[in-house]
Amino acid sequence: MVTQKTKIDKVREKFNDLKIDAILITHPPNIRYLTGFSGSSAICVITKNDAFFLTDFRYKEQAKYQVKHFKKFIASGKTLLDLIQEKRILSKIRRVGFEADHISFSLVLELKNRFKDIKFIPTENFIEEIAAIKTEDEIENIKRAIKISEKVFYEILNIIKPGISEVDIASEITFLHRKFGAEKDAFDIIVASGWRSALPHGVATSKKIKKGELVLIDFGCVYNGYHSDITRTISIGKASPKMRKIYQIVLDAQTKAIENARSGLKASELDFIARNHIKQNGYGRFFGHSLGHGLGTEIHSFPRISPRSNYILQNGNVITIEPGIYIPNFGGVRIEDDVLINSNAEILTSLPRNLIEL
Ligand code: GLY
Ligand code: MN
């Protein structure tokens, strides 16, 4: 079983390649991945022989029960950097990696200013590459998050009817997520109806839903730090022939991608399988976003499933597969499911994928 301790070992295994003797972790989702700590302010420093966790007074008690295998220091009336200096955490260290994609410029300047003898080395996806391979516990958490969201979906099907607003539906999703055991929504719930369904990220508005419209609902929740992410597009009343046509193209594109997803396949090739299907059916210019993304302690985790990705899929990746077609002034369709990569793709989501006409 992969524990906090083995995660720390995996971090250290990467030191040689980057010629660093410590790494500074500042990104809260990565801190949660390593330590289980769910607060908003902390720094981890992992050296060859030690692992330190620093937070402030607000999280003193929380850190006691959430964080194991780290030496813990609590800042009271001082900053976390003050504490790193005071406790001499970086003494004898010469090269320290930091998370270039997540740290603020001013914090890097301050580090350089305070620790003049240390060289700070930018790293990319340092923790993310480790976290992309999910452990059994993590997969279990994602499955729980999916189950909660799916239960919510069946509930809201009962309230969707002409006259209800997008925001009413989104609020109900948020309420039910919490009621059914989620920590929170995974992101601002997207409910986009009619012409607004052509906005891939059309967060819910006061627009009322009308008969004859498509409604795109993209929702997910967080369970024990891990995310679910599902999209269904439904029709209010009978769908028009054009709506059915684009729905079927998106569904076939998604099915092809799911059927071909496996470890060893390049993420860009997986993206191509779905994109090419949509293109060959004449709708290529209406699908402008990536096919999917990893799921983990962030909603958009590493790896990205995009035409530009160099990542090769590996056993244990959990990713979304979410092709779409968005036609301005008409509407859009996206279907999104979550899959676990092995020698094939195990679909973790179980909602029906055919067009639901309410
Ligand atoms: N579900 C939101 C997104 O993947 O962008
Ligand atoms: Mn998604």
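Above this text sits the structure in question.
A few points on the structure. Just so it is clear, the model here is predicted, and its values are computed rather than measured.

Points about the overall build of the chain
When its secondary structure is counted, the chain shows 11 helices and 20 strands. The C-alpha atoms of the chain give a radius of gyration of 22 Å, which matches the 21 Å a tight globule of 358 residues would have. Residue burial in the chain is summarised as follows: out of 358 residues, 56% are buried. Per element, the accessible surface of the chain, about 16,300 Å² overall, is 50% carbon and sulfur.

Some words on the packing of helix 8 (residues 136-157) against helix 9 (residues 166-179)
The contact between helix 8 and helix 9 brings their axes to 9 Å, and the two run at 135 degrees. The angle between the axes of helix 8 and helix 9 places the two elements in the oblique class. By crossing handedness, the relation of helix 8 to helix 9 is classed as right-handed. Mapping the contact onto sequence places I148, S149, V152, E155 and I156 in helix 8 and I169, E172, I173, L176 and H177 in helix 9. Grouping the constituent residues of the contact of helix 8 with helix 9 by class yields 6 nonpolar, 2 polar and 2 charged.

Examining the coordination of the manganese ion (ligand 2)
For the manganese ion (ligand 2), the full set of protein donor atoms is D229 (OD), H293 (NE2), E322 (OE) and E336 (OE), and the range of their distances to it is 2.0 to 2.3 Å. Summarised as a motif, the one-chain spacing of the donors to the manganese ion (ligand 2) is D-x63-H-x28-E-x13-E. Of the two residues, H293 sits in strand 13 (residues 292-294) while E336 sits in the loop between strand 17 (331-334) and strand 18 (337-341), which places them 43 residues apart along the sequence.

Focus on the layout of surface pockets
Using a probe with the size of a water molecule, rolled over the atoms, empty space left in the structure can be pinpointed. Put simply, the second largest pocket is a space of about 310 Å³. Residues belonging to the lining of the second largest pocket are distributed by class as follows: 5 nonpolar, 6 polar and 7 charged.

Thoughts on the nonpolar core
Within the largest apolar cluster, 58 residues are counted, with the highest numbers of intra-cluster contacts made by V11, I46, F53, F70, I156 and I217. At 7 residues, helix 8 tops the list of elements feeding residues into this core. In this view, V11 contacts I23, L34, I46, F126, I127 and I130; residues no more than four positions away in its chain are not counted. Within the second largest apolar cluster, 36 residues are counted, among which are A257, I278, I341 and L355.

Observations concerning the sheet that holds strand 10 (residues 221-223)
Here we have 3 strands laid out as an open sheet, ordered 7-10-11, and antiparallel in their pairing. Strand pairing shows two members of the sheet lacking a second neighbour, strand 7 (184-185) and strand 11 (226-227), which therefore form its edges.

Brief notes about the pairing of strand 1 (residues 22-25)
In strand 1, alternate side chains face the same way, and those of A22 and L24 on one face and I23 and I25 on the other are all buried. The pairing of strand 1 with strand 2 (residues 42-47) spans 4 bridges and is classified as antiparallel. The partner of L24 across the bridge, within strand 2, is V45.

Parameters at a glance
- Residues numbered from 1 in each chain as written.
- Chains lettered and ligands numbered in written order.
- Predicted model: local features only at pLDDT ≥ 70, side-chain atom pairs only at ≥ 80, totals over all residues.
- Heavy atoms only, no water.
- Helix = DSSP H or I, 4+ residues; strand = E, 2+ residues; numbered from the N terminus.
- Rg over C-alpha atoms; globule rule 2.2 N^0.38 Å.
- Buried < 20%, exposed > 50% of the residue type's maximum accessible area, 1.4 Å probe, protein only.
- Areas by Shrake-Rupley, 256 points an atom, 1.4 Å probe, with all protein chains shown as cover.
- Axes fitted to C-alpha atoms, helices over the stretch in contact; angles between N-to-C directions.
- Parallel < 35°, antiparallel > 145°, perpendicular 65-115°, else oblique.
- Left-handed = near helix turned anticlockwise from the far one by under 90°.
- Contact = heavy atoms within 4.5 Å.
- Nonpolar A, V, L, I, M, F, W, Y, C, P; charged D, E, K, R; others polar.
- Donors = N, O, S within 2.8 Å, 3.2 Å for Na, K, Ca; no water.
- 1 Å grid on protein atoms, 1.4 Å probe; cavity = no way out; pocket = protein on both sides within 12 Å on 5 of 7 lines; lining within 4 Å.
- Points joined across faces, edges and corners; volume = space filled by probe spheres on them.
- Core = buried A, V, L, I, M, F, W, Y, C linked by side-chain atoms within 4.5 Å.
- Pairing = 2+ DSSP bridges.

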